Amino acid sequence: MTSDTPEFPAAEQNAEHDLAETSEVRMPPTPPQQGSAPSLLGVRDVIGPIMIGPSSSHTAGALRIASMTLKLLPAPPARVEFYLYGSFAHTYHGHGTDRALVGGMLGFGADDVRIRDSFALAKERGLAFEFIPMPDTDTAHPNTVDVHVVDARGTETWVRGESIGGGAAQVRSINGVEVLLGGQYHSIVIKQKDVKGVLAHIAQRLSDYDVNIATTRLFRERKGDIAYTVMETDEAISEDVIAAIGDYPDILSVSLLPSDRSEDAHAPRSADELAAEGLESTGFGTDLTAEEATALFEQIDFKSGAQLLAFCEAEGLPLSDAICRRERCLLASCGLAVDDTKRYLDEALRVMRDSVEEALVNPRESMGGLIGGEAQQARDYAQREGSLADPLLAYATTYALAVLETNASMGRIVAAPTAGAAGVLPAVLFALQQTHGLSDAQLARGLANAAAVGMLVMRNATVSGAEGGCQAEVGTASAMAASAAVELLGGTPRQCLAAAASALSGLMGLVCDPIGGLVEAPCQKRNATGAANSLVAAQMALADINNLIDFDETVWALYAVGRSLPFELRESALGGLAATPTACVLCAKCG
């Protein structure tokens, strides 16, 4: 289980704002209330995105909403208004949501360092923008934004988006019409007249170009009015296909949203070429079709810890290999011919290491000025004779503090599973490497193991602090790290899930109360606490100390507790430590 190479089995605008903020109430179109949508989660959704801090939900997820909006526009944006609801309305300054939204409208990726300077860059490009907080308006999701864009042709577009945790996002309405766009598949969004013959035309054009349709949904407000067809496809869509679909009198516009995983799609290459790059063929396009991969995926799309454990024990696999087998089938089912999961994990590990070293070598004050230099202090203390912590805990504490410093200064980090909890997993992995001599290849296996645990929590509960408190973020990260540590030290899949359950229970009920709405304090210290909690949980699991409540029921309890927390204790910066007199003074200073 701890071999050096992970197994990936086959087949299976101005410097502040161009437009002044206003307290004037301007009500955008309100779509019907909706719940969360199911999502095809993969390794990159848990170990990732690789992004600029400080918050996956509030920075990367917000950028994703703006990016999807940009792709829906018929012309470049000229002016944009962002109506912010729930947690977004309360914390958008401190979490960098404002910079990220503007960065998304400029076409930046989540890991683009220019996000820090997006206001100035928007001014240079002539993009006017405004932020309109709506804290008293109820929405279905606490991280919601309405984007109102006027493009260069004068066309107005309204898009409602939700940031659903871990950097993922979904569009829930376009121009007041309820839709659902998540980004797992290549999506075509067609604005049309709601008349007969349009769907038949679209389907025929896709058939002409041999494009397989994964899902088709028609959204409309009233019969005979404007409607939107959203089609998800297995294959990437060319401009020729878009032009062919648009060549119809009742189709008003056609927009393409490439899959979030589209960067993993490569031209076919030989097995030798793939091996030279550390890649492996999914078999798609040779001996495994998308349909075959989908059928296989359905068999190993683990919906619970019990299902994952049963598969691992039946096949004699560790968690890391089981999740990579699932990932291979997932990618092939989405039409991606190459599985570069190993390369992605290696890249994530490199960014994690850089995020540790950056704060230790070049410490700097955070964006809000509340933290900076603590990692160096922890390292210096640990090196003193007679210091309190043993080497493993000392390394873990130092590294966790370091990553959150990098995150809080808008440096590049890996959300695992979120940016606010990004320090826990690398802290434990690199501490184990220092004390147990583990290789980078073994640490990559640990990342895969952690992805399996995080995927199950994301699927059955939440990793969003705005939905479930800090227990959902740092608690999940701690569970992921505990499970990874157990596998790396020779534990069984059953012990991995036991460690994950213990780690979750150890932090259950932990509130999310960022001082000043910043992912700085107490977030930084809670990452260090989460790393220590991981090591305790792993030690108990390796000692075969049983849990009364299994992993799946613990995840259920985590979700129930999170939903029971009042809004003030779920990333609103209105309760807990954020509401203390000292925090209120600090909030005024950093605002």
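None of these values were measured; they are calculated from a predicted model. (Residues numbered from 1 in each chain as written. Predicted model: local features only at pLDDT ≥ 70, side-chain atom pairs only at ≥ 80, totals over all residues. Heavy atoms only, no water.)

1. Thoughts on the overall build of the protein
The condition that has to hold: Segments assigned H or I by DSSP are reported as helices when at least four residues long, segments assigned E as strands when at least two residues long, and all are numbered from the N terminus. Under the scheme applied here, a residue whose accessible area is under 20% of the maximum for its type counts as buried, over 50% as exposed, and between as partly exposed, the area being computed with a 1.4 Å probe on protein chains only. Calculation of accessible area relied on Shrake-Rupley with a 1.4 Å probe; when residues are assessed, cover is drawn exclusively from the protein chains displayed.
When helices and strands are tallied, the protein shows 22 helices and 14 strands. Relative to its full complement of 591 residues, the protein shows a buried share of 58%. Surface accessibility of the protein: about 22,300 Å² in total, with carbon and sulfur atoms responsible for 52%.

2. Focus on the pattern of salt bridges
To keep things clear, this is the line we draw: A side-chain nitrogen of Lys or Arg and a carboxyl oxygen of Asp or Glu constitute a salt bridge if their distance falls within 4 Å.
Per the counting criterion, the structure on display carries 24 salt bridges. The shortest N-O distance in the salt bridge between Asp-194 and Arg-220 comes to 2.8 Å. Placement of the pair is Asp-194 in the loop between strand E8 (186-193) and helix H6 (198-208) and Arg-220 in strand E9 (residues 213-220), with a sequence separation of 26 residues. Given the relative accessible area of 13%, Asp-194 is considered buried. Under the relative-accessibility criterion, Arg-220 is labelled partly exposed at 42%. Put simply, Arg-44, Glu-327, Asp-340 and Arg-343 are held in one network by salt bridges that share partners.

3. Points about helix H14 (residues 391-408)
The condition that has to hold: How far a helix is expected to stretch is found by multiplying one less than its residue total by 1.5 Å.
Taking 1.5 Å as the rise per residue, H14 with 18 residues should run 26 Å; its terminal C-alpha atoms sit 26 Å apart, in good agreement. Counted residue by residue, H14 has 13 buried out of 18 residues, so it is predominantly covered. Once H14 ends, the next one or two residues include Met-410, with phi positive near 60°.

4. Examining the packing of aromatic side chains
The following threshold applies: Two rings from Phe, Tyr or Trp (for Trp, the six-membered ring) form a pair when their centres are within 6.5 Å of each other. A pair whose planes differ by under 30 degrees is stacked, one over 60 is edge-to-face, and the rest are tilted. The rule for a charge over a ring is simple: NZ of Lys or CZ of Arg within 6 Å of the ring centre, and within 35 degrees of the ring normal.
Tallied over the full model, the rule gives eight aromatic pairs. Ring geometry for Phe-129 and Phe-131: centres 5.7 Å apart, planes at 65°, overall edge-to-face. By the ring-pair criterion, three or more aromatic residues cluster together here, those being Phe-82, Tyr-92, Phe-119, Phe-129 and Phe-131. Between the NZ or CZ atom of Arg-44 and the centre of the ring of Tyr-344, over which it lies, the distance is 5.0 Å. Looking at Arg-160, its charged tip hangs above the ring of Tyr-85, at a distance of 5.1 Å from the centre.

5. Re the nonpolar core
Defined as follows: The criterion is simple. A nonpolar core is a set of buried Ala, Val, Leu, Ile, Met, Phe, Trp, Tyr and Cys residues joined through side-chain atoms within 4.5 Å. Contacts were defined at the residue level, with two residues in contact if any of their heavy atoms lie within 4.5 Å.
If you look at the biggest cluster of nonpolar residues, it comprises 98 residues, and the most contacted ones within it are Ile-47, Leu-308, Met-352, Leu-425, Leu-447, Val-453 and Phe-551. Here the element with the most residues in this core is helix H16 (residues 440-460); it accounts for twelve residues. Apart from the residues lying within four places of it in its own chain, the contact partners of Leu-425 are Ile-47, Met-352, Ala-416, Leu-447, Ala-450, Met-480, Ala-481 and Ala-484.

6. Examining the packing of H14 against helix H20 (residues 523-542)
For any two helices packed against each other, the geometry comes down to the angle between their axes and how far apart the axes lie. Short version of the rule: Throughout, an axis means a line fitted to C-alpha atoms (over the contacting stretch in the case of helices), and angles, computed between N-to-C directions, take values from 0 to 180 degrees. Should the near helix be turned anticlockwise from the far one by less than a right angle, the crossing is left-handed, and should it be turned clockwise, the crossing is right-handed. Lys, Arg, Asp and Glu make up the charged group, whereas Ala, Val, Leu, Ile, Met, Phe, Trp, Tyr, Cys and Pro make up the nonpolar group; the residues left over, Gly among them, are polar.
Put simply, H14 and H20 touch, their axes get as near as 8 Å, and they point 145° apart. Both H14 and H20 take part in a crossing whose hand is right-handed. Here Leu-392, Leu-393, Ala-396, Thr-397, Ala-400, Leu-401, Leu-404 and Glu-405 of H14 come into contact with H20, specifically with Cys-523, Gln-524, Lys-525, Asn-527, Ala-528, Ala-531, Ala-532 and Leu-535. Counted by class, the contact of H14 with H20 contains eleven nonpolar, three polar and two charged residues.

7. Re empty space enclosed by the protein
The following threshold applies: Cavity means a closed set of points on a 1 Å grid over the protein atoms alone, one where a 1.4 Å probe fits but cannot get out, pocket means an open set with protein on both sides within 12 Å along at least 5 of 7 lines, and lining means a residue has an atom within 4 Å of a point. Grid points are joined across faces, edges and corners, and a volume is the space filled by probe spheres set on the points.
Each pocket or cavity is described by its volume, and for the largest cavity that value is around 140 Å³. Along the wall of the largest cavity there are 17 residues; nearest its centre are Gly-420, Glu-473, Cys-512, Val-519 and Cys-523. Sorting elements by how many residues they give to the lining of the largest cavity places helix H18 (residues 470-488) first, with three residues. Looking at the lining of the largest cavity residue by residue, the class counts come to eight nonpolar, five polar and four charged.

8. So, the pairing of strand E3 (residues 128-134)
In plain terms, the rule: Only when DSSP finds a minimum of two bridges between them are two strands counted as paired.
Most of E3 is tucked away: six of the seven residues are buried. Pairing of strand E2 (residues 77-85) with E3, which is carried by seven bridges, proceeds in the parallel orientation. Note on E3: the bridge partner recorded for Arg-79 is Ala-128.

9. Some details on the confidence of the model for the protein
Basically, it comes down to this: Values of pLDDT, which run from 0 to 100, indicate the predictor's confidence residue by residue.
Overall, the predicted model of the protein reaches an average pLDDT of 86, with 86% of residues at or above 70. Scored below 50 in pLDDT, residues 262-271 makes 15 contacts in the model with residues more than four places away or belonging to other chains. Every residue in residues 281-286 is under pLDDT 50, and counting partners more than four places away or in other chains gives 17 contacts.

10. A closer look at the sheet that holds E8
If you walk across this open sheet you meet the four strands as E9-E10-E8-E11, and the pairing is antiparallel. Of all strands in the sheet, those with a lone pairing partner are E9 and strand E11 (251-257), marking the two edges. Strand-to-strand twist across the sheet, computed as the mean angle between neighbouring axes with direction ignored, equals 15°. With eight bridges connecting them, E8 and strand E10 (residues 226-233) associate as antiparallel partners. By the bridge assignment, Ile-188 is partnered in E10 with Met-231. Together, E8 and E11 form the strand contacts of helix H7 (residues 239-246), whose direction differs from that of E11 by roughly 160°.

11. Some thoughts on the sheet that holds strand E5 (residues 156-165)
Hydrogen bonding along the main chain pairs the strands of a sheet, whether they run parallel or antiparallel. The sheet built from six strands is open, its strands ordered E3-E2-E4-E5-E6-E7 with mixed pairing. Of all the strands in the sheet, the pair left with one neighbour each is E3 and strand E7 (177-181). Across the sheet, the mean angle separating the axes of adjacent strands is 25° when strand polarity is ignored. Against the sheet, helix H2 (residues 56-72) touches E2, strand E4 (143-151), E5, strand E6 (168-174) and E7, its axis set at about 150° to E5.

12. Topic: the environment of Ala-451
On the secondary structure map, Ala-451 appears in helix H16. With 35 residues separating them along the chain, Ala-451 and Ala-416 place their C-alpha atoms 8.4 Å apart.

13. What to know about the side chain of Glu-327
Tracing the backbone through its elements, the reader meets Glu-327 in helix H11 (residues 319-333). Taking the relative accessible area as the measure of exposure, Glu-327 reaches 0% and is therefore buried.

14. Quick notes on the packing of H18 against H20
Rule in force here: Put simply, angles under 35 degrees are roughly parallel, angles over 145 are roughly antiparallel, angles from 65 to 115 are roughly perpendicular, and the rest are oblique.
Across the interface, H18 lies against H20 with an axial gap of 8 Å and an inter-helix angle of 40°. On the basis of their axis angle, the class for H18 and H20 is oblique. In this structure, H18 meets H20 at a crossing whose hand is right-handed. Judged by residue contacts, Cys-470, Val-474, Ser-478, Ala-481, Ala-482, Ala-485 and Val-486 of H18 engage Arg-526, Asn-527, Gly-530, Asn-533, Ser-534, Ala-537, Ala-538, Ala-541 and Leu-542 from H20. Residue classes in the contact of H18 with H20 are distributed as ten nonpolar, five polar and one charged.

15. Regarding the environment of Ala-528
Tracing the chain through its elements places Ala-528 in helix H20. When the C-alpha atoms of Ala-528 and Val-424 are compared, they prove to be 6.7 Å apart, with 104 residues separating the residues in sequence. Beyond its immediate sequence surroundings of up to four residues, Ala-528 is in contact with Thr-397, Ala-400 and Leu-401.

16. Examining unusual backbone geometry
Geometrically, the link from Gly-48 to Pro-49 is a cis peptide bond, its omega value of 10° lying close to zero. Of note, Pro-49 is situated in the loop between helix H1 (43-46) and strand E1 (50-52). Ala-521 connects to Pro-522 through a cis peptide bond whose omega is 5°.

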